[in-house]
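# Structural overview for review
Now for the letters of each chain:
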Amino acid sequence: MDTASITSAWVSGWTVSRGTEPAVVEPWGYRIHVGLPEHPFRHVLPHPDATCVGTLCAGITEPYAWLKVMAAPEEVARWITDDWTIPDDPGFMMTKKLDPAARPAPPDGYARTTETKDGVIRVRILTPDGTLAARGQIAPTGETAVADQIETDAAHRRRGLGANVMRTLEAAAAQAGAETGVLAATTDGMALYDSLDWYYRGPLTGIVRAA
């Protein structure tokens, strides 16, 4: 998959995962109406440059608007205007060939649930008393599926729960017909995804307009 295909797949799956309206295709990429008070919408740019990013930054005045661009933070920092900042950790686009047979057993001492609703597969790992220890979701959209919101509670880390969630999601998405997984990793998540053979495909930088 090239950058444009990866970005298109990520946008399609992300909108399903987050329950937003489908993205609107623009000349520079995609516009997603998110509808949250501190995240009203986001623009996703698969092939950003100084002119395109600068024009969007100058023309968008709504507080907390976001741009997500496939470029490194140090490059993007030179393109934005004073009303915009780069608040997030660096992001990393990643892909993986999905295996329908990769579903692991539930982790010892925990219970695992899997459910599908509105096109999103959700996995939760619970302690014996029902406390949420780890979770994640994946949205298959045809040949690709986007993994999203992968989280492990701090008290339950380094026990393989994140890997268990991911492999369960990957297998479920493959069984639903997806062939390739796509995700946007944070710095904290990179070690997990590297260990699960996800492949780095390029940087993803978030930019937000000041209040």
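Scroll up to find the structure.
As the structure is a computational prediction, the values presented were derived from the model and not from experiment.

## Here's the deal with the pattern of salt bridges
Evaluation of the coordinates by the stated rule reveals three salt bridges. Between aspartate 83 and arginine 209 there is a salt bridge; the shortest N-O distance is 3.2 Å. Here aspartate 83 is found in the loop between α3 (73-76) and β5 (84-85), whereas its partner arginine 209 is found in strand β12 (residues 199-209), with 126 residues between them in sequence.

## Some words on the state of the cysteines
The final tally for this structure, using the stated rule, is zero disulfides. Free cysteine cysteine 52: the closest other cysteine sulfur is in cysteine 57, separated by 9.4 Å.

## Notes on unusual backbone geometry
The backbone of aspartate 118 sits at a positive phi, close to 55°, despite the residue not being glycine. Topologically, aspartate 118 is positioned in the loop between β7 (111-117) and β8 (120-126). Using a relative accessible area of 67% as the deciding quantity, one classes aspartate 118 as exposed. Phi at arginine 158 is positive, roughly 65°, even though this residue is not glycine. Within the element layout of this structure, arginine 158 appears in the loop between β10 (144-152) and α4 (161-175). The class for arginine 158 is exposed, based on a relative accessible area of 88%.

## Some remarks on α4
Relative to the 21 Å expected for 15 residues at 1.5 Å per residue, α4 spans 21 Å between its end C-alpha atoms, a close match to the ideal helical length. Within α4, twelve of the 15 residues are buried, leaving the element largely enclosed by the surrounding structure. Of the residues making up α4, those classed as buried are Leu161, Gly162, Asn164, Val165, Met166, Thr168, Leu169, Glu170, Ala171, Ala172, Ala173 and Ala174.

## Considerations on the pairing of strand β6 (residues 91-97)
Burial analysis of β6 places six of its seven residues in the buried class, the great majority of the element. Of the strand pairs in this sheet, β6 and β12 are connected by five bridges, and their pairing is antiparallel. Residue pairing for β12: methionine 94 is matched across the bridge by tyrosine 200.

## Concerning the side chain of serine 17
Position of serine 17 relative to the elements: it lies in helix α1 (residues 3-18). At 2.7 Å, the side chain of serine 17 and the side chain of aspartate 148 are in polar contact. Non-local contacts of serine 17, meaning those with residues more than four positions away in its chain, are made with Val120, Arg122, Gln137, Ala139 and Asp148.

## Here we look at the packing of aromatic side chains
What describes a pair of aromatic rings is the distance from one ring centre to the other and the angle between the planes of the rings. This model, assessed by the stated rule, comprises two aromatic pairs. Over the ring of phenylalanine 41 we find arginine 31; its NZ or CZ atom is 4.2 Å from the centre of that ring. Positioned over the ring face of tryptophan 14 is arginine 42, at 4.1 Å from the centre of the ring.

The rules we used
Residues numbered from 1 in each chain as written. Predicted model: local features only at pLDDT ≥ 70, side-chain atom pairs only at ≥ 80, totals over all residues. Heavy atoms only, no water. Salt bridge = Lys/Arg side-chain N within 4 Å of Asp/Glu carboxyl O. Helix = DSSP H or I, 4+ residues; strand = E, 2+ residues; numbered from the N terminus. Disulfide = S-S within 2.5 Å. Buried < 20%, exposed > 50% of the residue type's maximum accessible area, 1.4 Å probe, protein only. Expected span 1.5 Å × (residues − 1). Pairing = 2+ DSSP bridges. Polar contact = N/O pair within 3.5 Å; in protein donor to acceptor, adjacent residues only side chain to side chain. Contact = heavy atoms within 4.5 Å. Phe/Tyr/Trp six-rings, centres within 6.5 Å; stacked < 30°, edge-to-face > 60°. Lys NZ or Arg CZ within 6 Å of the ring centre and 35° of its normal.

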